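The primary structure of each chain is shown beneath.
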Amino acid sequence: MENPISRRSVLQKTLAATTATMLTSSLNNRIEAADNHIGSALKGRINHSACRWCYESVPFEDLCKSAKEIGMKSIELTGPEEWSIMKKYDLTAGMGWGSWPKGTGLTSFFNDPKNHDILVNYYNDYLIPEAAKAGIKNLICFSGNRNGISETQGLLNSKKVIQRIIKTAEKHDVTLSMELLNSKVNHRDYQCDHTEWGVELCEMVGSEKFKLLYDIYHMQIMEGDVIATIKKYYEYISHYHTGGVPGRHEINDSQELNYPAIMKAIVDTGYKGFIGQEFIPTRTDKIASLREGILICDI
């Protein structure tokens, strides 16, 4: 009589091998489809961008060349020192940033009064004028971590400093965009971790030149309901970032978000800005992952 344990073991090994083969085949087919598509015209409903930090191992000018070949228009989360290089390739920064003054950064920003004077000077005297000169229309900003600051006090502190900067932004037609980040997995204690907190701050500031950077990856982790949230609050959103959940890797069928449906919802709101790919590629060929992400979002 055949040993049932041995038979089960063989079946399990066969199933595992078959599954691995199917996943490899599916991945190869997606890469081939993306490679075949690039070079033909993208559909034009989405302005495609990628975040520089996700491709730090790729020499910057090589990334610029690849972006142009793919049909992208932007490499974002870049600063003044990179904007002149990008101009050679007819690329812009869908979202610009800076080398933040000492003591400030993602964890310590607008919600802490000790940062106010230095950030006001940095944005008003340097970053906003430099962005305007380079034709950059969006600059990132952050709430900072709570560090014991209440939700209400964080709003009041942030409003106070933004109102000292916003007239310069309005003068130069540059939008300050506060990024929504998750405080559950990646950015513990970050204050602007829910859309409604960010929307309340936008209403308090009361300017079209202060809006939100809606990071789809981060907000899926914090609150879910991505499409409904976009439909409800799109007027407060100046920019979008992508990323696969869980893990913040490729946005294909290895993760839980339906990016074509999300892109359609964004386009249906009348959005004309950029979609920034901000996933961390797991493949050795990082540009192949970028191509695939662009194709997935090019609805």
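Residues numbered from 1 in each chain as written. Predicted model: local features only at pLDDT ≥ 70, side-chain atom pairs only at ≥ 80, totals over all residues. Heavy atoms only, no water.

Within an unreviewed UniProt entry, the label attached to the chain reads TIM barrel protein, and the organism entered is Flectobacillus roseus.

Turning our eyes to something else, we now look at the sheet that holds strand S2 (residues 74-76). If you trace the seven strands from one edge of the open sheet to the other, you get S2-S1-S7-S6-S5-S4-S3, paired in parallel fashion. Strands with a single pairing partner mark the edges of an open sheet, and in this sheet they are S2 and strand S3 (138-141). Taken over all neighbouring pairs, the strand axes of this sheet differ in orientation by 35 degrees on average, direction set aside. Here four bridges tie strand S1 (residues 47-51) to strand S7 (residues 274-277), and the two strands are oriented parallel to one another. Counted as the bridge partner of Ser-49 is Gly-276 from S7. Against the sheet, helix H7 (residues 195-205) contacts strand S4 (175-179) and strand S5 (210-215), and its axis sits at roughly 165 degrees relative to S5. (Pairing = 2+ DSSP bridges. Helix = DSSP H or I, 4+ residues; strand = E, 2+ residues; numbered from the N terminus. Axes fitted to C-alpha atoms, helices over the stretch in contact; angles between N-to-C directions. Contact = heavy atoms within 4.5 Å.)

Summed over the entire model, instances satisfying the criterion amount to 13 aromatic pairs. Judged by centre distance (4.9 Å) and plane angle (90 degrees), the ring pair of Tyr-240 and Tyr-271 falls under edge-to-face. Of the two residues, Tyr-240 is situated in strand S6 (residues 237-241) and Tyr-271 in the loop between helix H10 (259-268) and S7; the sequence distance between them amounts to 31 residues. Here the two residues Tyr-240 and Tyr-271 agree in accessibility, since each one is buried. One aromatic cluster in this structure is built from Trp-100, Phe-109, Phe-110, Tyr-122, Tyr-123, Tyr-126 and Phe-142. (Phe/Tyr/Trp six-rings, centres within 6.5 Å; stacked < 30°, edge-to-face > 60°. Buried < 20%, exposed > 50% of the residue type's maximum accessible area, 1.4 Å probe, protein only.)

Mapping Ser-150 onto the fold places it in the loop between S3 and helix H5 (151-162). Take Ser-150: its relative accessible area is 40%, and that puts it in the partly exposed class.

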